[in-house]
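What the coordinates show
Residues per chain, in single letters:
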Amino acid sequence: MTGPATERASGAADPFVDGPRLAVTRLTLRNFRSYAEIEFSTSTRPVVLAGPNGAGKTNLLDAISLLSPGRGLRGSKLSEHVRRGPSAAPSDALWAVAATVTRGGESYEVGTGLTLGPNGGERRQVHLNGAPAQNSTDLGELVQMLWLTPAMDRLFIEGVSGRRKFLDRLVLGFEPDHARTATRYETAMRERARLLKFGPRDPAWLDALEHEMSEAGIAMAASRERTVSRLNAALAARGEAGAFPSAQLALEGETDLLLAEHGDGAASALRERLARARVRDAEAGRTTVGPHLTDLSVRHTQKRTHARECSTGEQKALLISIVLADAWELSKAQNGLAPLLLLDEIAAHLDSRRRLALFEEILALRAQAWMTGTDIEMFASLRAKADLFEVADSQPRLT
Ligand SMILES: Nc1ncnc2c1ncn2[C@@H]1O[C@H](COP(=O)(O)OP(=O)(O)O)[C@@H](O)[C@H]1O
Ligand SMILES: [Mg+2]
């Protein structure tokens, strides 16, 4: 669907909802999952995508999420986004997502996609205002976003990697460099693991890699610690007043302990641990110490229990609390620009009181939340304040 939905959708100026925002106002997908080719426009207000299962709602959110560092909200391999079935006219890209992003009145053209390199290898491309960007970290500085998906309903119960990813996305909003630091750390970690496995076990080379790992690793831990402190203060200030429970976050990992205990000396402490762990790591075939093992622990403040012991609904409410607290903090840090919120199947899990409270908070934040659901009636109260699309067969139509 192509068209100037912006004018139709925005209606009369409303001082409460208008004003500077961070928003996607145009989205183009090519050969992306169920979409052969689509372009559509939105206003800067929240967006609702309603439609039956399989209509293509999550695919749209996934496409937007790829405009930030990493693998997006499904965490799929980049090649999994390639459309199976009839495609748009052939081009260099296996798939492509492009968007116009409005940021406090300035407009940016951003895009990402997967192309085939000369040797048949696949390469991620990132564009910013027509020029190739270094990597998706550059986009992260421009388009902050957070998401909640049905898969995250099990975040507190399942393995640590999901919680760590969630944590790192919170950190990225405040410190976009966190992505570069993590890449530095992981590159050195992989190289060390390769040396330990295949040799040569050159001590000078291993020293250099462990130096890099410990510097980057402690920087990662420090960024996480700053974000957790900031969010804990924000969550405490929110208190129990609203519809969502208050939460307390904590980092659990050896690296985080080293940082707490050694402060400025934490990097050399981590370097020593790594050096001592060489034989053990070689035998284990993995790196047994470092920030790649950190866990995020979440407690329900009022109930004084760990999130994993709460009901499914309470766990969802805790996650929403954290995301909202984070969105307010980010907005404060960015002159009132709240991050994009991608909230997949959000209405389904909430009773009507919490649903309305969530909508109100999104409006108060002036965040462009992209919300999906099967039943458009769930979003009826947003009709005058959001762009409502009905999605069927991967065709969004403004209603
Ligand atoms: N790579 C792909 N190529 C073509 N279709 C895909 C691809 N990946 C997913 N789909 C299809 O996209 C459709 C819409 O998926 P989704 O966006 O998750 O729907 P929903 O509206 O329920 O969120 C599904 O029917 C799925 O089979
Ligand atoms: Mg879906």
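Residue indices begin from 1 for each chain and proceed along its sequence in written order. Chains and ligands are labelled by the order in which they are written, letters from A for the one and numbers from 1 for the other. Residues qualify for local features only when their pLDDT is at least 70, as the model is predicted, and side-chain atom pairs are given and counted only at 80 or more; totals for whole chains, interfaces and linings, by contrast, use all residues.

**Considering the pairing of strand S12 (residues 340–343)**
Side-chain direction in a regular strand flips from residue to residue, so the side chains alternate between the two faces of the sheet. This is how the line gets drawn: Three exposure classes are used. Buried residues have 20 or more other C-beta atoms within 10 Å of their own C-beta, exposed residues have 12 or fewer, and partly exposed residues fall in between, all C-beta atoms being placed from the backbone. Helical segments are the DSSP runs of H or I of at least four residues, strand segments are the runs of E of at least two, and each set is numbered from the N terminus. Strand pairing requires that DSSP identify at least two bridges connecting the strands. Look down the strands so they point away from you; if the path from the first strand over the helix to the second goes clockwise, the crossover is right-handed.
Of the two faces of S12, the one holding Leu340 and Leu342 and the one holding Leu341 and Leu343 are both buried throughout. Examined bridge by bridge, S12 and strand S13 (residues 369–373) share three bridges and lie parallel to one another. Note on S13: the bridge partner recorded for Leu343 is Met371. Crossover handedness for the path S12 to helix H11 (residues 352–365) to S13: right-handed.

**Structural notes on the packing of helix H6 (residues 203–238) against helix H8 (residues 266–276)**
The line we're drawing: The convention used is that axes are lines fitted to C-alpha atoms, helices contributing only their stretch in contact, and that angles between N-to-C directions extend from 0 to 180 degrees. Here roughly perpendicular refers to angles of 65 to 115 degrees, roughly parallel to angles under 35, roughly antiparallel to angles over 145, and oblique to all remaining angles. Each crossing gets its handedness from the near helix: less than a right angle anticlockwise from the far helix is left-handed, clockwise is right-handed. Each residue gets a C-beta atom placed from its backbone, and two residues are in contact if those atoms lie within 7 Å. Three classes are used: nonpolar for Ala, Val, Leu, Ile, Met, Phe, Trp, Tyr, Cys and Pro, charged for Asp, Glu, Lys and Arg, and polar for all others, with Gly counted as polar.
Direction vectors running N to C along H6 and H8 enclose 135°, while the axes themselves pass 8 Å from each other. Classed by the angle they form, the pair H6 and H8 counts as oblique. Here the hand of the crossing between H6 and H8 comes out right-handed. Along its contact with H6, which presents Glu210, His211, Met213, Ser214, Glu215, Gly217 and Ile218, the element H8 presents Ala266, Ala267, Leu270, Arg271, Leu274 and Ala275. Class assignment of the residues belonging to the contact of H6 with H8 gives a composition of seven nonpolar, three polar and three charged.

**A word on the nonpolar core**
Put simply, the rule reads: The term nonpolar core refers to a group of buried residues, namely Ala, Val, Leu, Ile, Met, Phe, Trp, Tyr and Cys, whose C-beta atoms join them within 7 Å. Where a domain begins and ends is set by an automatic assignment or by a domain database.
Core analysis: the biggest nonpolar cluster contains 107 residues, and Val48, Ile64, Val323, Ala327, Leu341, Leu342 and Trp370 have the highest contact counts within it. In terms of residue count, the dominant contributor to this core is H6 (eleven residues). There are two domains that each give this core at least three residues, and those are domain 1 (1–144 + 338–399) and domain 2 (158–333).

**Overview of the domain arrangement of the chain**
Here the chain is described as being made up of domain 1 (1–144 + 338–399) and domain 2 (158–333). For domain 1 versus domain 2, the distance between C-alpha centres works out to 28 Å. Facing 16 residues of domain 1, the contacting portion of domain 2 comprises 18 residues. Counting residues per element, the side of domain 1 that touches domain 2 draws most heavily on H11, which supplies six residues. Among the residues forming the side of domain 1 that touches domain 2, the class breakdown is eight nonpolar, four polar and four charged.

**A closer look at the pairing of S13**
Of all five residues making up S13, five are buried, and the element is well covered by its neighbours. Along S13, one buried face is formed by Ala369, Met371 and Gly373 and the opposite face, lined by Trp370 and Thr372, is buried too. Where strand S3 (residues 47–50) meets S13, four bridges bridge the pair, whose relative direction is parallel. Bridge pairing in S13 places Leu49 opposite Thr372.

**Thoughts on the sheet that holds strand S5 (residues 106–116)**
Strands sit in the order S2-S1-S4-S5-S6-S7 across an open sheet of six strands; the sheet is antiparallel. Among the strands making up the open sheet, the edge pair consists of strand S2 (35–41) and strand S7 (131–132). In terms of strand pairing, S5 meets strand S6 (residues 122–128) through seven bridges, oriented antiparallel. By the bridge assignment, Leu114 is partnered in S6 with Arg124.

**Here we look at the sheet that holds strand S9 (residues 247–252)**
Spatially, the three strands line up as an open sheet ordered S9-S10-S11, and their pairing is antiparallel. Taken across any chain shown, the strands that pair with only one partner, and hence form the sheet edges, are S9 and strand S11 (305–306). The pairing of strand S10 (residues 295–300) with S11 spans two bridges and is antiparallel. Of the residues in S11, the one forming a bridge with Arg299 is His306.

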